[in-house]
Amino acid sequence: MRIRHFLTDLDLSPAELDQVLTLAATMKADPYAIKPLAGPQTAAVFFDKTSTRTRFSFAAGISALGGSPLVVNPGESQLGHKETIADTARVLDRMVSLIIWRTYAQSGLKEMAAYSSVPVINALSDDYHPCQLLADLLTVREQLGTTQGRSLAYLGDAANNMANSYLLAGVNAGMDVRIAGPQDYLPEPRIVEAARARAAQTGGSVLITSDPAEALRGAEVVATDTWISMGQEQEKEARLQLFGEYRVDAAAMAQAAPGAVVLHCLPAYRGVEISAEVLDGPQSVVWDEAENRLHAQKALMAWLLVESGLADAETERLVRAGTR
């Protein structure tokens, strides 16, 4: 068996994505039944960026899987400055069962995976946030029954990692994905091309537009993200002006489908990218979405260990059963 990693949203085939989401629902219903990390085995969790949901969900999830999370903050290891990523991978995979990394450059994750004999998971990079999308898709399934054929509109900064992952993961799950943002803040052509290629396999579709009304029309899921990410603070005033028409507020929701659900990966800034009325209103499922980081990531970790041939027979049996 080859070691399976999760670095981008398309590292899972459509069928595999369905398996992970089904397993997540199974594990949410019975949180402690599957323990592939019993021992306890150790999972290394590196944070180059600050975090709340990613930190808590991975630490709690690893513990629930029977393992021990080793959380490493910036400056607490030699990774990337006194020691190469490749050498770090060669050392870690003799000591830990999983490597989880919240970082900047996607290239670092690719290098880690190339030299690791245990699964490497992208807990966020500048290009993608695939674990967040597993939680989002699980939430859509819970709310709407299925992702297949459902429509999702993402509004705001459409040149960031969240827009990329909504586009790729959404079509991978068979959704009709509409991405709306200012002309100079839309997904890169390579991301759009990859999404369209996957949509052709799943029956999903892709719409890239600068018109928020076009994206919102009849959308069953409405998503947004902060307009001002880490490192962009100096652009705050300009961004507030630039993205104003992409705010998810009552007027925006009136253009979506009746009963449409609202997603936000958090942290949210009420009155900026989303109004308090919407975030705290009846259509918001952001708190379920946040909780589902835990369940989706547990399922992902268990699935990767099984698919990589690193789980015992009983864990494999339980995981296989849980994906059906």
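Our structure is the block above this text.
Each value, and the rule that gives it
Residues numbered from 1 in each chain as written. Predicted model: local features only at pLDDT ≥ 70, side-chain atom pairs only at ≥ 80, totals over all residues. Heavy atoms only, no water. Helix = DSSP H or I, 4+ residues; strand = E, 2+ residues; numbered from the N terminus. Rg over C-alpha atoms; globule rule 2.2 N^0.38 Å. Buried < 20%, exposed > 50% of the residue type's maximum accessible area, 1.4 Å probe, protein only. Contact = heavy atoms within 4.5 Å. Areas by Shrake-Rupley, 256 points an atom, 1.4 Å probe, with all protein chains shown as cover. Salt bridge = Lys/Arg side-chain N within 4 Å of Asp/Glu carboxyl O. Pairing = 2+ DSSP bridges. Axes fitted to C-alpha atoms, helices over the stretch in contact; angles between N-to-C directions. Right-handed = clockwise from strand over helix to strand, strands pointing away.

Caption draft 1: Examining the overall build of the protein more closely. A tally of regular secondary structure across the protein gives 13 helices and nine strands. Taking 2.2 N^0.38 as the reference for a compact globule, 324 residues should give roughly 20 Å; the C-alpha atoms of the protein span a radius of gyration of 19 Å, in line with that estimate. Counting only C-alpha atoms and orienting by the principal axes, one finds that the protein spans roughly 55 × 45 × 35 Å. Here the protein, with 324 residues, has 56% of them falling under the buried criterion. Pairs at least 24 residues apart make up 75% of the contacts formed inside the protein by residues separated by at least 6 positions. Entry remark: accessible area of the protein is about 12,900 Å², with carbon and sulfur atoms responsible for 51%.

Caption draft 2: Examining the pattern of salt bridges more closely. With the rule as written, the count across this model stands at 13 salt bridges. One salt bridge connects K49 with D126, and the closest N-O pair in it is separated by 3.1 Å. On the criterion of sequence distance, the pair formed by K49 in the loop between β1 (42–47) and α2 (53–64) and D126 in the loop between β4 (120–124) and α5 (130–144) is long-range, its members being 77 residues apart. Take K49: its relative accessible area is 10%, and that puts it in the buried class. Taking the shortest distance from any N to any O, the salt bridge between R190 and D127 comes out at 3.6 Å. Taken together, the residues R190 in helix α7 (residues 189–202) and D127 in the loop between β4 and α5 connect sequence positions 63 residues apart. A network of salt bridges, in which partner residues are shared, links D127, E188 and R190.

Caption draft 3: Spotlight on the sheet that holds strand β2 (residues 68–72). In spatial order, the strands read β2-β1-β3-β4; together these four strands make up an open sheet with parallel pairing. The open sheet terminates on both sides in strands that have one partner only, identified here as β2 and β4. For this sheet, the mean inter-axis angle between neighbouring strands, taken without regard to orientation, is 20 degrees. Pairing of β1 with strand β3 (residues 98–102), which is carried by five bridges, proceeds in the parallel orientation. Across the sheet, residue A44 finds its bridge partner in β3, namely I99.

Caption draft 4: Highlighting the pairing of β1. Of all six residues in β1, five are buried, a share of seventy percent or more. The sheet contact formed by β1 and β2 spans five bridges and is parallel. In the sheet register, V45 faces β2, and the bridge partner there is V71. Read from β1 through α2 to β2, the crossover connection turns out right-handed.

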